Amino acid sequence: MKKIITLTLLASLISCTPVMAKEVGAPVAVYLEDSSDVGDPDVTLAAIEEDKLVGEYMNNAVTGIWAMDKVTPVAQGGGVIVDGVATNLTFSVLKPELSRVYSAKELASSLGGCVLNVVKIKTPAELRFHTANVNFYTPGIRTGQNVKVYRFTENEGWSPFHVSQVREDHVVVDMTSGGIIAFIEVPA
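All values derive from a computational prediction rather than experimental measurement.

(A) Focus on the nonpolar core. The biggest cluster of nonpolar side chains holds 40 residues, and the ones touching the most others in it are F91, F136, M175, I181 and F183. Only α5 (98–111), β6 (114–122), β7 (132–137), β8 (147–153), β9 (157–167), β10 (170–175) and β11 (179–185) provide two or more residues apiece to this core.

(B) Layout of the packing of aromatic side chains. The tally for this structure, following the rule as stated, stands at 3 aromatic pairs. Seen from their ring centres, F91 and F129 are 6.1 Å apart, and the 35° between their planes marks the pair as tilted. A residue pair is termed long-range when its members are at least 10 positions apart, and F91 in the loop between β4 (85–86) and β5 (92–94) and F129 in the loop between β6 and β7 qualify at 38 residues. One exposure class covers both F91 and F129, and it is buried.

(C) Structural context of the pattern of salt bridges. Enumeration over the complete set of coordinates arrives at 4 salt bridges. Across the pair K52 and E50 runs a salt bridge whose closest N-O atoms are separated by 3.7 Å. Here R100 makes a salt bridge to E154, at a shortest N to O gap of 2.5 Å. Of this pair, R100 sits in helix α5 while E154 sits in the loop between β8 and β9, and the two are 54 residues apart along the sequence. Judged by relative accessible area, which is 17%, R100 ranks as buried.

(D) Representation of unusual backbone geometry. Positioned with a positive phi, D51 is a non-glycine residue whose angle comes to about 55°. Among the secondary structure elements, D51 is positioned in the loop between α3 (41–49) and α4 (54–58).

(E) Structural view of the environment of D174. Within the secondary structure, D174 sits in strand β10. The contacts of D174, once residues within four sequence positions are left out, are T131, A132, N133, F161, H162 and S164. Separated by 2.6 Å, the side chains of D174 and N133 make a polar contact.

(F) Looking closely at the pairing of β6. Pairing geometry for β5 and β6, over 3 bridges, is antiparallel. Each bridged residue has a counterpart across the sheet, and for V93 the counterpart in β6 is I121. Direction of pairing for β6 relative to β11: antiparallel, over a ladder of 7 bridges. Paired with V119 across the strands is I181, a residue of β11.

(G) Just α3, in detail. All buried positions along α3 are accounted for by V43, T44 and A47. Buried residues of α3 fall within an arc of 100° about the axis and therefore sit on the same side. Facing away from the buried side of α3, by more than 90 degrees, are the exposed residues P41, D42, L45 and E49. With a side-chain oxygen lying 2.9 Å from the backbone nitrogen of D42, the N-terminal cap of α3 falls on D40. Phi turns positive one or two residues past the end of α3, at D51, with a value near 55°.

(H) The arrangement of α5 in detail. Taking 1.5 Å per residue as the helical rise, α5 with its 14 residues ought to reach 20 Å, and the 20 Å between its terminal C-alpha atoms agrees with that figure. Buried positions along α5 lie against β6, β8, β9 and β11. One or two positions beyond α5, positive phi appears at G112, with a value near 75°.

Parameters and conventions
- Residues numbered from 1 in each chain as written.
- Predicted model: local features only at pLDDT ≥ 70, side-chain atom pairs only at ≥ 80, totals over all residues.
- Heavy atoms only, no water.
- Core = buried A, V, L, I, M, F, W, Y, C linked by side-chain atoms within 4.5 Å.
- Buried < 20%, exposed > 50% of the residue type's maximum accessible area, 1.4 Å probe, protein only.
- Helix = DSSP H or I, 4+ residues; strand = E, 2+ residues; numbered from the N terminus.
- Phe/Tyr/Trp six-rings, centres within 6.5 Å; stacked < 30°, edge-to-face > 60°.
- Salt bridge = Lys/Arg side-chain N within 4 Å of Asp/Glu carboxyl O.
- Contact = heavy atoms within 4.5 Å.
- Polar contact = N/O pair within 3.5 Å; in protein donor to acceptor, adjacent residues only side chain to side chain.
- Pairing = 2+ DSSP bridges.
- Arc of directions from axis to C-beta.
- Expected span 1.5 Å × (residues − 1).

Here's what the structure looks like:
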């Protein structure tokens, strides 16, 4: 009888092998926030859809990222200068895929620097431009800090964007397109 029970259990263990799903991006977190802070349930749902906290969503910012212990927040509040013309446009700041964070860490290591943040920048769909001068709010950045910004593309990997200014709490970047960008502090 013991042999039959043992064989039955063994057969059930073999047939119940778990199937693992392919990793698509960063782990999805569920953020429960105090209802007094939320106010609008639609805002909470929109934040969850973007894998952001409500504060990140409402401030068009990324303040925390998977696989990074210390993150310099990155936000964008509008006033993008498109091909030399001031506008009231805002570029959306979203969280990137986890694989891009690891890739940015490898880039920073090869440069002898450290990743400050990695974000996905989404431009308005109808916008066509050669250069957009974008002021990113980056609290904690100091004037003159050596911050470089790199964009990731599948074909070219990481390539630099021109950083036109680094001042207290701001990094101003000349962008030629949206996409995944990494803010990296490198030695002077």
